[in-house]
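Structural description and commentary
In case you want the letters, here they are:
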Amino acid sequence: MEKERLADISLKNITITDKFWNKYRSLVKEVIIPYQWNTLNDNVPDAEPSHCIENFRIAAGEKTGEFAGAVFQDTDVAKWLEAVGYVLESQGRDEKLEKLADDTIDLIGRAQEPDGYLNTYFTIKEPERRWTNLKEGHELYTAGHMIEAAVAYYQATGKKKFLEIVMKFADLISEKFGPEEGKCHGYPGHPEIELALVKLYRVTGKKNYLDTAKFFVDARGVGENYFFQEEKGEKYQQIFPEFAGYVPEYSQSHLPVREQKTAEGHAVRAVYLYSAMADLAYEYQDDSLLEACETLWKNMVTKRMYITGGIGSSGLLERFTTDYDLPNDRNYAESCASIGLAMFGKRMGQITKDAKYADVMEKALYNTVLAGIAMDGKSFFYVNPLEVWPDNCMNRTSMEHVKPVRQKWFGVACCPPNITRTLASLGQYIYGEDEDSIYVNLYVSNETETQIKGIPCKITMDSDFLSTGNVKISLRSQEDTKGKLALRVPGYVKSFQVYRNGEEILNPLIEKGYLILEELKEEEMITISCDMKAKFIHANPEVRADEGKVAIMRGPLVYCLEETDNGRNLSSLYVDTKAGLTETYEEDLLGGVVTVTARGKRISNTGWDEEDLYKEQETRLEDVTLKAVPYCNWGNRKTGEMAVWIKELL
């Protein structure tokens, strides 16, 4: 294991100028955060009510009423506050927004109980049942999101009030849980607090937080399953009817984490747990834990992940199923799961300095995560299928989880604020750094100030990566340095040419997928040119849902067909993979995108009457031109069919 992991560059020092990403990021402060604040206060007409702020007012004794919403409803405001923290850190302080956040934090503080406990569901509704249902109660999950929010807000503003609130709660948790006699030996049904406690430790230096996180991970799946034990408790009460017949695989508690070989259960829980495992593997220099992370990562991304970076193929219980089971029209692929996948990949890349993790991180960010939000920032997908036929997305059927249009909000609204905090913190995914080196993971236009070997430097990246495959990187330091600049060579490119100060590097040094530049001068001008041509992609033949089909990718972007471009019944289309692909930049379409066209055939309806459901009939094919747009942009025009995988004309 590397003795020094790559660290984030502070968001204060990164200014993103990218035309692709800023189509979304520019909405965060001006549109998405205000919109989500209104939803948290139940002020969006025709949207699912949140009840979130109302619950805190009731818990604080400022209003009377009953708790409303899901048991983890507090996390909506936590992720909103975390996004606010990232915005204030990356875009500068804003008095009005900061005042709104401070007032919200004050309300949270007033809802906190004297011993530090903080959870409106149990304070209002079940005060006598604290910690009696870790399987379903989400107390530790909710605490984790509060901790993450407080850390982000403290790093942005330097204000300690929110941090002190969560530290008081974290201290209570450390006193309650642990391996010692007399403490509770349980662990969260929904992992999250583990990675949050690592963040809190790194900010405060208080090792009890790190030790508690380690306990939660080490205790998981050891001996008699804790969740079966707590079901026997006098105060245990089931919360979710769908958890009847609970199996430990669902919460990754079926085996000790170091013995787990396949990604199992609820996909979001899995990747949050794996992210914490990676953090703890580094902090404790635990090779066995890192090996478990590598094993689980390999199974997930080589056998259980969609081409879009989506994970969790089952619409029932949002979970992994078995290897190569990747249905396209009824899968779940929750937005939060892909965010967790990016978080896990980021951590593994920081520890191992291996570009393969950034490849998947990029795939998830550019495809499933972005597909989860409309281009106006005001509606969201929770579920991210790869094929949609709106007519069969019917309530009270096996397809009711699939939505052909983005929703204004959700009763369980974990995804919208999760996407918001991810967009606001995008700078954390672009670079990694150690004392000697800067690693470039994403080719996103930005200006960044940092240090290499203690020498201040400024990086300016001018990226036309998605359009032409060209990137210019200017590095200016106060003096020459023996530091390194590591450029990720994307796994999907066939050619990757780098010019250093005008001269092509003919025999580059490649280490774990990074092209390494050493002995950096006071001024360096790096030019990258790589192959960004659209191509047809096949799935492993074991993926039964994709047999005989192809997808189109261009760089990190997966493409799809939409009804608005190709007519109805997309399943009747075949693509001629021998005829090649044509790319066109359309400035007025979807904010400016490269579209891809291909030659193909459509099964003709000629000879079929409405009364004919089945009959002996020769198949007739008509010539068509197929037009594909980036998957992340689907559903932003007319409501209609969508498909990523297209039948191949043989």
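Structure shown above.
To start, this report covers the structure provided alongside it.

What to know about the overall build of the protein
The number of helices and strands found in the protein is 18 helices and 22 strands. Dimensions of the protein, computed from C-alpha atoms along their principal axes, come out at roughly 75 × 70 × 50 Å. Looking at the protein residue by residue over its 650 residues, the buried ones come to 59%. In the structure as shown, the protein presents an accessible area of about 25,700 Å², 47% of it carried by carbon and sulfur atoms. In the protein, the 78 positive side-chain charges and the 103 negative ones have mean positions that sit 1 Å from each other.

Observations regarding the packing of aromatic side chains
According to the stated counting rule, one finds 27 aromatic pairs in the structure shown. The interplanar angle of 85° and the centroid separation of 5.6 Å between the aromatic rings of Phe20 and Trp21 together place this pair among those described as edge-to-face. With a relative accessible area of 2%, Trp21 lands in the buried category. An angle of 90° between the planes, with centres 6.0 Å apart, marks the rings of Phe227 and Tyr246 as edge-to-face. Of this pair, Phe227 sits in helix α10 (residues 226-230) while Tyr246 is found in the loop between α10 and α11 (267-283), placing the two residues 19 residues apart along the sequence.

Examining the state of the cysteines
For the structure on display, the rule yields zero disulfides. With no disulfide of its own, Cys530 lies closest to Cys632 among cysteine sulfurs, the gap being 18 Å.

Concerning the sheet that holds strand β12 (residues 514-517)
Spatially, β3-β4-β8-β12-β11 is the arrangement adopted by the five strands of the open sheet, whose pairing is mixed. Of all the strands in the sheet, just β3 (431-433) and β11 (509-511) have a single pairing partner and so form its edges. Ignoring which end each strand starts from, the neighbouring axes of this sheet average 25° apart. Bridge analysis of strand β8 (residues 484-488) against β12 gives four bridges, and the strand direction is antiparallel. Each residue of the ladder has a partner; that of Ala486, found in β12, is Ile516. Along the sheet, helix α14 (residues 355-371) contacts β8 and β12; its crossing angle with β8, the most-contacted strand, is approximately 50°.

Section: α11
Between its terminal C-alpha atoms α11 stretches 25 Å, which fits the 24 Å expected from 17 residues at 1.5 Å a residue. With 16 of its 17 residues buried, α11 lies for the most part within the structure.

Describing the nonpolar core
In terms of nonpolar packing, the biggest core is built from 196 residues, with Phe162, Tyr274, Met277, Met300 and Leu487 touching the most fellow members. The element best represented in this core is α11, accounting for 13 residues. Those residues in contact with Tyr274 that lie beyond four places of it in its chain are Gln252, Thr262, Ala263, Glu264, Cys293, Leu296, Met300 and Phe344.

Side note on helix α6 (residues 139-157)
The end-to-end C-alpha distance of α6 is 27 Å, a good match for the 27 Å that 19 residues give at a rise of 1.5 Å each. Burial analysis of α6 places 17 of its 19 residues in the buried class, the great majority of the element. Of the residues flanking the end of α6, it is Gly158, one or two places downstream, whose phi is positive at about 80°.

A short note on the environment of Asn299
Tracing the sequence through the fold places Asn299 in helix α12 (residues 287-303). Once the C-alpha coordinates of Asn299 and Ala263 are considered, the two residues, 36 residues apart in sequence, prove to be 6.6 Å apart.

Considerations on the side chain of Thr308
Mapped onto the elements of the fold, Thr308 is located in the loop between α12 and α13 (335-352). The contact partners of Thr308, leaving out residues within four places of it in the chain, are Lys363, Ala364, Asn367, Thr368, Leu386, Val558 and Tyr631.

Thoughts on a negative patch on the surface
Together, Glu479, Asp480, Glu522 and Glu523 make up a negatively charged patch on the protein surface. Here Glu479 is to be found in the loop between β7 (470-477) and β8.

Looking at the pairing of strand β16 (residues 557-562)
Within β16, six of the six residues are buried, leaving the element largely enclosed by the surrounding structure. What you see with β16 is no split at all: Leu557, Tyr559 and Leu561 on one side and Val558, Cys560 and Glu562 on the other are buried throughout. Summarising the sheet, strand β15 (residues 549-554) and β16 pair through two bridges and their orientation is antiparallel. Considered in β16, the bridge of Arg554 is made with Leu557. The pairing of β16 with strand β20 (residues 621-630) spans three bridges and is antiparallel.

Examining the sheet that holds strand β13 (residues 523-530)
The strands that make up a sheet are held in pairs by hydrogen bonds between backbone atoms, and each pair lies either parallel or antiparallel. Strand order in the open sheet formed by seven strands is β1-β5-β6-β7-β13-β9-β10, with antiparallel pairing between adjacent strands. Two strands lie at the open edges of the sheet, namely β1 (14-16) and β10 (503-504), each paired on one side alone. Bridge count between strand β9 (residues 496-500) and β13: five bridges; the pairing is antiparallel. Looking across to β13, one finds that Val498 is bridged to Ile528.

Points about the environment of Glu62
Its place among the elements puts Glu62 in the loop between α2 (52-59) and α3 (74-91). Along the chain, Glu62 and Ser571 lie 509 residues apart, while their C-alpha atoms are 56 Å from each other. Of the polar contacts made by the side chain of Glu62, one reaches the side chain of Arg110; its length is 2.3 Å.

Remarks on unusual backbone geometry
With glycine set apart, most residues show a phi of negative sign, and most peptide bonds adopt trans. Its identity as a non-glycine residue notwithstanding, His51 has a phi of 70°, on the positive side. For His51, a relative accessible area of 25% puts it in the partly exposed group. Here the phi dihedral of Lys353 falls at roughly 55°; this positive angle occurs in a residue that is not glycine. By secondary structure assignment, the location of Lys353 is in the loop between α13 and α14.

Focus on the pairing of β8
Of all five residues in β8, four are buried; the element is thus mostly enclosed. Here four bridges tie strand β4 (residues 437-440) to β8, and the two strands are oriented parallel to one another. Residue pairing across strands places Tyr439 opposite Ala486, the latter belonging to β8.

Quick look at the packing of helix α8 (residues 193-204) against helix α9 (residues 207-219)
Direction vectors running N to C along α8 and α9 enclose 160°, while the axes themselves pass 8 Å from each other. By the criterion of interaxial angle, the relationship of α8 to α9 is roughly antiparallel. Crossing handedness for the pair α8 and α9: left-handed. Residues Ile193, Glu194, Leu197, Val198, Leu200, Tyr201 and Thr204 of α8 form the contact with α9, whose own contacting residues are Lys207, Tyr209, Leu210, Thr212, Ala213, Phe216 and Val217. Along the lines of polarity and charge, the residues of the contact of α8 with α9 split into 10 nonpolar, two polar and two charged.

Quick word on the packing of α13 against α14
Orientation of α13 relative to α14, taken along the N-to-C sense of each, is 160°, at an axis distance of 8 Å. If you check the angle between α13 and α14, you find them roughly antiparallel. Two packed elements cross with a definite hand, and for α13 against α14 that hand is left-handed. Each of Ser335, Ser338, Ile339, Leu341, Ala342, Gly345, Lys346, Met348, Gly349 and Thr352 in α13 lies in contact with α14, whose residues at this interface are Tyr357, Val360, Met361, Ala364, Leu365, Thr368 and Val369.

Rules behind the numbers
- Position numbers for residues start from 1 in each chain and track the written sequence from start to end.
- Local features are withheld for residues below a pLDDT of 70 in this predicted model, meaning they are given only at 70 or higher, and side-chain atom pairs are given and counted only at 80 or more; totals for whole chains, interfaces and linings count all residues.
- Side-chain metrics in this entry use all non-hydrogen atoms of the structure; hydrogen atoms and water are not considered.
- Put simply, DSSP marks the helices as runs of H or I at least four residues long and the strands as runs of E at least two long, and each gets a number from the N terminus on.
- Relative accessibility decides the category of a residue: with a 1.4 Å probe and only protein chains considered, values under 20% of the type maximum give buried, values over 50% give exposed, and everything between is partly exposed.
- Here the accessible surface of atoms and residues is derived via Shrake-Rupley with a 1.4 Å probe, and residues count as covered only by protein chains that are part of the display.
- In this charge count, Lys and Arg are treated as positive and Asp and Glu as negative; neither His nor the chain ends contribute.
- Lys charges are placed at NZ, Arg charges at CZ, Asp charges at CG and Glu charges at CD.
- Ring pairs shown here join Phe, Tyr and Trp side chains whose ring centres sit within 6.5 Å, with only the six-membered ring taken for Trp; geometry is labelled stacked below 30 degrees between planes, edge-to-face above 60, and tilted in between.
- The definition used for a disulfide is geometric: two cysteine sulfur atoms within 2.5 Å.
- At least two bridges found by DSSP between two strands is the condition for calling them paired.
- Lines fitted to the C-alpha atoms define the axes, with helices restricted to the stretch that makes contact. Angles between their N-to-C directions range from 0 to 180 degrees.
- By definition in these notes, contact holds between two residues if any of their heavy atoms fall within 4.5 Å.
- Take the number of residues in a helix, subtract one, and multiply by 1.5 Å to get its expected span.
- Put simply, buried Ala, Val, Leu, Ile, Met, Phe, Trp, Tyr and Cys residues joined by side-chain atoms within 4.5 Å make one nonpolar core.
- Only residues above 30% relative accessible area that lack a salt bridge enter a patch, with like-charged residues linked at up to 9 Å and the nonpolar side chains Val, Leu, Ile, Met, Phe, Trp and Tyr linked at up to 5 Å.
- Should a side-chain nitrogen of Lys or Arg be within 4 Å of a carboxyl oxygen of Asp or Glu, the pair is scored as a salt bridge.
- Any pair of nitrogen or oxygen atoms within 3.5 Å is treated as a polar contact; in protein, a donor-acceptor pairing is required on top of that, and neighbouring residues in sequence qualify only through side-chain atoms on both sides.
- Angles are sorted into four bins: roughly parallel if under 35 degrees, roughly antiparallel if over 145, roughly perpendicular if 65 to 115, and oblique for all others.
- Each crossing gets its hand from how the near helix is turned against the far one by less than a right angle, where anticlockwise is left-handed and clockwise is right-handed.
- Classification used: nonpolar for Ala, Val, Leu, Ile, Met, Phe, Trp, Tyr, Cys and Pro, charged for Asp, Glu, Lys and Arg, polar for all others including Gly.

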